[in-house]
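Topology and contacts: notes
Chain by chain, the residues run as shown.
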Amino acid sequence: MAELGDAFSAAGQGFVSMEAGRTANIVARHNAWIDEQDAEIAMNTARKNAALEQRKGARIRAEQAVRFGKGGVQADVGTPLQLAAQEAVLASLRGSEELRIGAFEARRRKQSAAMHRFRGKAAKKAGKIRFMAGLAEAGAEIDEEFGLTGKFNKWRKDRKANKSGKNKL
């Protein structure tokens, strides 16, 4: 009878493993969803920061023009014009850098989400495999306890013989 208890224990452990795998999959899908949301937030933040850099560059160029005007320097020719052009380029570069950083972070988060999903599916499959192994172990324990394999084979042989007409009256 101890083998029967072992059989139920093996089946129960297999079921617990399967449920643990399902739970790990649910948690992994949730973490993947969070990472996808973080990826969207990173891109939106990068777009806003890039727009801020463009506005900041425009403000600096306007301030330069005002300061040059106050100093009696014509702002649309020579060195002041070169400084304004340089600031426009720098503002554009800062905006591009913000977008690049945001895209990199979004890509990293999306890859993390994919890994979470993969790990969740793997945990779910591993749980099912452990469950099946537990059932197989339980079946072997029950067969060992009751000797059902021999009885089943005898029953199958008798049934086959009855169908072929050997044992008909």
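Scroll up to find the structure.
Summarised in this report is the structure supplied together with it. Bear in mind that the values here come from a model prediction, so they are computed numbers and not experimental data.

How each quantity is defined
Throughout, residues of each chain are indexed from 1 in the direction in which the sequence is written. In view of the model being predicted, local features appear only for residues whose pLDDT reaches at least 70, and side-chain atom pairs are presented and counted only at 80 or more, with totals across whole chains, interfaces and linings using the full set of residues. Side-chain measures here rest on the full set of heavy atoms in the structure, leaving out hydrogens and waters. Patch membership requires over 30% relative accessible area and the absence of a salt bridge. Like charges are linked within 9 Å, and nonpolar side chains (Val, Leu, Ile, Met, Phe, Trp, Tyr) within 5 Å. In this description, accessible areas are obtained by the Shrake-Rupley approach with a 1.4 Å probe, and a residue is regarded as covered only by the protein chains that are shown. In the sections that follow, a salt bridge refers to a side-chain nitrogen of Lys or Arg positioned within 4 Å of a carboxyl oxygen of Asp or Glu. Runs of E in the DSSP output that reach at least two residues are strands. Runs of H or I that reach at least four are helices, and both are numbered from the N terminus. Any pair of Phe, Tyr and Trp rings, taking the six-membered ring for Trp, is counted once the centres come within 6.5 Å. Such a pair is stacked with planes under 30 degrees apart, edge-to-face with planes over 60 apart, and tilted for the rest. Only protein chains enter the accessibility calculation, which uses a 1.4 Å probe. A residue is then buried if its area is under 20% of the maximum for its type, exposed if over 50%, and partly exposed in between. The contact criterion used is simple: two residues touch if any of their non-hydrogen atoms lie within 4.5 Å.

1. Focus on a nonpolar patch on the surface
There is a patch of nonpolar side chains on the surface, built from V89, L90 and L93 and spanning about 260 Å² of accessible area. Looking at where L90 falls in the secondary structure, it is placed in helix α2 (residues 78–146).

2. Things to note about the packing of aromatic side chains
Summed over the entire model, instances satisfying the criterion amount to 1 aromatic pair. Where F15 meets F131, the ring centres are 6.3 Å apart and the plane angle is 70°; that geometry is what we call edge-to-face. With F15 in helix α1 (residues 2–70) and F131 in helix α2, the pair connects residues that are 116 residues apart, well separated along the chain. Owing to a relative accessible area of 41%, F15 belongs among the partly exposed residues under this scheme.

3. Overview of the environment of K128
Looking at the element boundaries, K128 is found in helix α2. Along the backbone, K128 and R22 are 106 residues apart, and their C-alpha atoms lie at a distance of 8.8 Å.

4. Thoughts on the side chain of S17
Mapped onto the elements, S17 comes out in helix α1. For S17, a relative accessible area of 17% translates into the label buried. With sequence-adjacent residues up to four places away left out, S17 is seen in contact with G127 and R130.

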